[in-house]
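An overview of the molecular structure
Each chain, written out:
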Amino acid sequence: ATVIVARPAHGGVEVLVERRAEGSRFAPGFVVFPGGLLEPGDGALALKWFGGGAEALRACALRELHEETGLLLTASGLIQTRRESPVSEVPFEPPEPSALVEVGRWVAPEFLAVRFDASFFAIEAPAGVEPYPDGTEIDQAWWALPSDVVTASTRSEAPLMWPTLVSLERLAECASVEEVLALRIDQIHPPPLGESGDLRGAWQRPEGSPAGPLQEP
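So, here is what we can say about the structure in this document.

Cut-off values and rules
Residues numbered from 1 in each chain as written. Predicted model: local features only at pLDDT ≥ 70, side-chain atom pairs only at ≥ 80, totals over all residues. Heavy atoms only, no water. Buried < 20%, exposed > 50% of the residue type's maximum accessible area, 1.4 Å probe, protein only. Helix = DSSP H or I, 4+ residues; strand = E, 2+ residues; numbered from the N terminus. Pairing = 2+ DSSP bridges. Core = buried A, V, L, I, M, F, W, Y, C linked by side-chain atoms within 4.5 Å. Contact = heavy atoms within 4.5 Å. Salt bridge = Lys/Arg side-chain N within 4 Å of Asp/Glu carboxyl O. 1 Å grid on protein atoms, 1.4 Å probe; cavity = no way out; pocket = protein on both sides within 12 Å on 5 of 7 lines; lining within 4 Å. Points joined across faces, edges and corners; volume = space filled by probe spheres on them. Nonpolar A, V, L, I, M, F, W, Y, C, P; charged D, E, K, R; others polar. Axes fitted to C-alpha atoms, helices over the stretch in contact; angles between N-to-C directions. Parallel < 35°, antiparallel > 145°, perpendicular 65-115°, else oblique. Left-handed = near helix turned anticlockwise from the far one by under 90°.

Looking now at the pairing of strand β2 (residues 12–20). The element β2 is extensively covered by neighbouring structure, given that eight of its nine residues are classed as buried. Relative to β2, strand β1 (residues 2–9) runs antiparallel, the two being bridged by four bridges. Counted as the bridge partner of Pro8 is Val13 from β2. Connecting β1 to the next strand, β2, in antiparallel fashion are two residues, including Gly11 with a positive phi near 80°.

Listed below in structure tokens is the structure:
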């Protein structure tokens, strides 16, 4: 599960992005949104927080956001925590499931060495809440205008996976957090490789050649 955390900014919205540590198994050095793998305990967390195991992906999103950044979504909104204990041991009033709005789903193509099937959720953040990266999986976390991250990627300063790039381009069109929460980001095929050899958003075959059409789920 992946979490797009958005807050108001001058002329639009800022989103929370992270840089994955160089030692990460998946996408080292890439700029991503918070998120991670569904774990066996997420069903129990979903039952505890949301009243049913069917919300395990939302529980995963909430847990991963806390683990990676110290930010916790509660019934009263997003807050900073010390992250001294696992989120399962932190006393808080959980949010309604509707506070995590599903805005998309991306399934990685079969030729990727590490695949994923990720639901993308969007949540609202207040001003003044700052992330503190865990220093293990994530070595940096910051607020940025989506358009600035896309521009940085064109200068090879912010490597992006294809779903992240597409999401950022859609987010750059949003004038408010309300528009972010109303988004539906469909999985689309990457464009053909240009004459320059540049690939917009990294889908790479194991042999290192540029990606072809995205595989359907």
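What follows is about the nonpolar core. In terms of nonpolar packing, the biggest core is built from 30 residues, with Ile4, Val15, Phe33, Leu168 and Leu171 touching the most fellow members. Broken down by secondary-structure element, the contributors of at least two residues to this core are β1, β2, β6 (101–107), β7 (117–124), α3 (146–154), α4 (162–171) and α5 (177–181). Here this core takes five residues from α4, the largest share from any one element. Not counting the four nearest positions on each side in its chain, Leu171 is found in contact with Ile4, Val13, Val15, Phe33, Pro146, Val180 and Leu183.

What follows deals with the side chain of Arg20. Positionally, Arg20 belongs in strand β2. Filtering out sequence-adjacent residues up to four positions away, Arg20 remains in contact with Phe26, Ala27, Pro28, Gly29, Phe30, Val32, Glu68, Glu137, Ile138 and Asp139.

Here the focus is the pairing of β7. Judged by how many residues are buried, β7 sits mostly within the fold: six of eight residues are covered. Of the pairings in the sheet, the one linking β1 to β7 comprises five bridges and is parallel in character. Along β7, the bridge assignment pairs Ala6 with Glu124. Sheet topology places β6 next to β7; six bridges connect them, and they run antiparallel. In the strand pairing of β7, Arg105 is matched with Ser119.

Before going further, it helps to examine the pattern of salt bridges. Charged atoms that come close allow side chains of opposite charge to pair. One pass over the structure, following the stated rule, counts 13 salt bridges. We note a salt bridge from Glu64 to Arg63, for which the minimum N-O separation is 3.2 Å. Among the residues examined, Arg63 registers a relative accessible area of 4% and is labelled buried. Residue Asp117 is joined to Arg105 by a salt bridge in which the shortest nitrogen-to-oxygen separation is 2.5 Å.

The next thing to look at is the layout of surface pockets. Within this model, the largest pocket holds a volume of roughly 620 Å³. What lines the largest pocket is a set of 26 residues, among which Arg20, Phe26, Gly35, Gly36 and Leu37 lie closest to the centre. Breaking the lining of the largest pocket down by element, the ones donating at least two residues are α2 (56–69), β7 and α4. Looking at the lining of the largest pocket residue by residue, the classes come out as 14 nonpolar, four polar and eight charged.

Now for the packing of α3 against α4. Running from N to C, α3 and α4 cross one another at 140°; their axes reach a closest spacing of 8 Å. Taken together, the axes of α3 and α4 are oblique relative to one another. Read as a crossing pair, α3 and α4 show a hand that is left-handed. Each of Pro146, Val149 and Val150 in α3 lies in contact with α4, whose residues at this interface are Leu165, Leu168, Glu169 and Leu171. Considered class by class, the residues forming the contact of α3 with α4 number six nonpolar, no polar and one charged.

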